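Observations on the model geometry
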Amino acid sequence: MQRAVFERMIGPVQLPDLLMEIDANCQFSKILLGRSARSVQELVAVYGALIAHGTESTAKGVAAMIPGVEVSDIVSAMRTLELGSRLRAANDAVLAFQQTFGVAKAWGKGSRGSSDMMALEATRHLSHARQNPRRKTMSTGVYSHKLDSYGLFYDQQLVQNTWQDGPAVHGTYEYNSKSAQDRIKVEFLAVDTHGVSYVAMSFAKFLGFDLC
């Protein structure tokens, strides 16, 4: 019911328009490049690189969907996104922008969060890749942290079939320790049985939050 009301209010939105609108408000492309884009083609290549990294599409497949952009442009932008902590900083900017909306505050104060691992298929040549016990394919784990207001605040690569209590505590500590002074810190983190242990609960308590 609520979702239908929101969809009617917002109306149809194209992904390129959404990317540009968010970028105009939080300047994530400037953070990713380390400077302002020098041309429209470079800016569009950054958007394409985000799509290529975030989906199963290849650089060639994304370039084929965008007129006037070469495969080399997408590949170059993808490599730029992999430098240092730029992607993390850009994500923080988008998260901060999301938290300014009244509806986000209605979902939650930002003091509670949850975390879990998702398996993604990967080449066997990747050092973190292991055989997925369910699908019997080579995969790597991505451990993500999400606020009660639905914003993703941390993620990290994880070897599958390993205990997840360390990553659960680490992600929350990184977010809390590097958050702005006026931003609410995570006080409670909900995890499944793979993400909890007595040792992790003790460390979390020492670091100022509860592991649930």
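Here, every reference points to the structure presented above.
Below or above, wherever it landed, is the structure these notes cover. Treat the numbers as computed from the prediction; the structure is a model and nothing was measured. (Residues numbered from 1 in each chain as written. Predicted model: local features only at pLDDT ≥ 70, side-chain atom pairs only at ≥ 80, totals over all residues. Heavy atoms only, no water.)

Side note on the environment of L189
Counting through the fold element by element, L189 comes out in strand β5 (residues 188–190). For L189, a relative accessible area of 0% translates into the label buried. The spacing of L189 and L95 is 94 residues in sequence and 18 Å in space, taken between C-alpha atoms. Not counting residues up to four positions away in its chain, the partners in contact with L189 are G113, S114, S115, H145, A168, T172, D210, L211 and C212. (Helix = DSSP H or I, 4+ residues; strand = E, 2+ residues; numbered from the N terminus. Buried < 20%, exposed > 50% of the residue type's maximum accessible area, 1.4 Å probe, protein only. Contact = heavy atoms within 4.5 Å.)

Some words on the pairing of strand β3 (residues 138–147)
Bridge analysis of strand β1 (residues 112–121) against β3 gives nine bridges, and the strand direction is antiparallel. Looking at the pairing, G113 lines up with L147 of β3. Once strand β2 (residues 130–131) ends, the chain turns through six residues before running back antiparallel as β3, passing K136 with a positive phi of about 60°. The pairing of β3 with strand β4 (residues 152–158) spans six bridges and is antiparallel. Paired with V142 across the bridge in β4 is Q157. (Pairing = 2+ DSSP bridges.)

Here we look at unusual backbone geometry
A positive phi is found at Q27, a non-glycine position, where the angle reads about 60°. Among the secondary structure elements, Q27 is positioned in the loop between α2 (15–26) and α3 (28–33).

Looking at α2
An α-helical segment advances 3.6 residues per turn. Residues three or four places apart therefore align on the same side. An ideal rise of 1.5 Å per residue puts 16 Å on twelve residues; α2 measures up with 17 Å between its terminal C-alpha atoms. When we look at burial in α2, the residues that qualify are L19, D23 and C26. Looking straight down α2, one finds that the buried residues subtend no more than 85° of arc, so they occupy a single side. Counted as exposed and oriented over 90 degrees from the buried face of α2: E21 and A24. Structurally, α2 contributes buried residues whose contacts are with α3, α4 (40–54) and α7 (86–98). (Expected span 1.5 Å × (residues − 1). Arc of directions from axis to C-beta.)

Describing the packing of aromatic side chains
Per the stated rule, a full pass over the model turns up four aromatic pairs. Ring geometry for F28 and Y47: centres 6.1 Å apart, planes at 55°, overall tilted. In this pair, F28 is assigned in helix α3 and Y47 in helix α4, connecting sequence segments 19 residues apart. Between R112 and the ring centre of F188, over which it is positioned, the NZ or CZ distance is 4.5 Å. (Phe/Tyr/Trp six-rings, centres within 6.5 Å; stacked < 30°, edge-to-face > 60°. Lys NZ or Arg CZ within 6 Å of the ring centre and 35° of its normal.)

Some remarks on the nonpolar core
Grouped together as the largest cluster of nonpolar side chains are 22 residues, with contacts concentrated most on F28, L32, I74 and M78. Taken together, the elements giving at least two residues each to this core come down to α2, α3, α4, α5 (59–65), α6 (71–81) and α7. Broken down by element, the residue count for this core peaks at five residues, all from α4. In this view, M78 contacts A49, A52, H53 and A59; residues no more than four positions away in its chain are not counted. Y143, A168, A200 and L211 belong to the second largest nonpolar core, which has ten residues in total. (Core = buried A, V, L, I, M, F, W, Y, C linked by side-chain atoms within 4.5 Å.)

Considerations on the environment of C26
Along the chain, C26 turns up in helix α2. C26 gets classed as buried once you look at its relative accessible area, which sits at 12%. Separated by 70 residues in sequence, C26 and A96 have C-alpha atoms that sit 8.5 Å apart.

Structural notes on a nonpolar patch on the surface
On the surface, a nonpolar cluster with roughly 1,100 Å² of combined accessible area is contributed by V5, F6, M9, I10, V13, L15, L18, F101, V103, W107 and Y150. With four residues, helix α1 (residues 2–10) is the single largest residue contributor to the nonpolar patch. As for its placement among the helices and strands, V13 is situated in the loop between α1 and α2. A relative accessible area of 47% places V13 in the partly exposed class. (Patch = residues over 30% accessible without salt bridge, like charges linked within 9 Å, V, L, I, M, F, W, Y side chains within 5 Å. Areas by Shrake-Rupley, 256 points an atom, 1.4 Å probe, with all protein chains shown as cover. Salt bridge = Lys/Arg side-chain N within 4 Å of Asp/Glu carboxyl O.)

So, the pattern of salt bridges
Summed over all chains, the structure comprises five salt bridges. Across the pair R3 and E7 runs a salt bridge, and its minimum N-O distance is 3.3 Å. Separated by four residues within a single helix, R3 and E7 lie in helix α1, roughly one turn from each other. Under the relative-accessibility criterion, R3 is labelled exposed at 65%.

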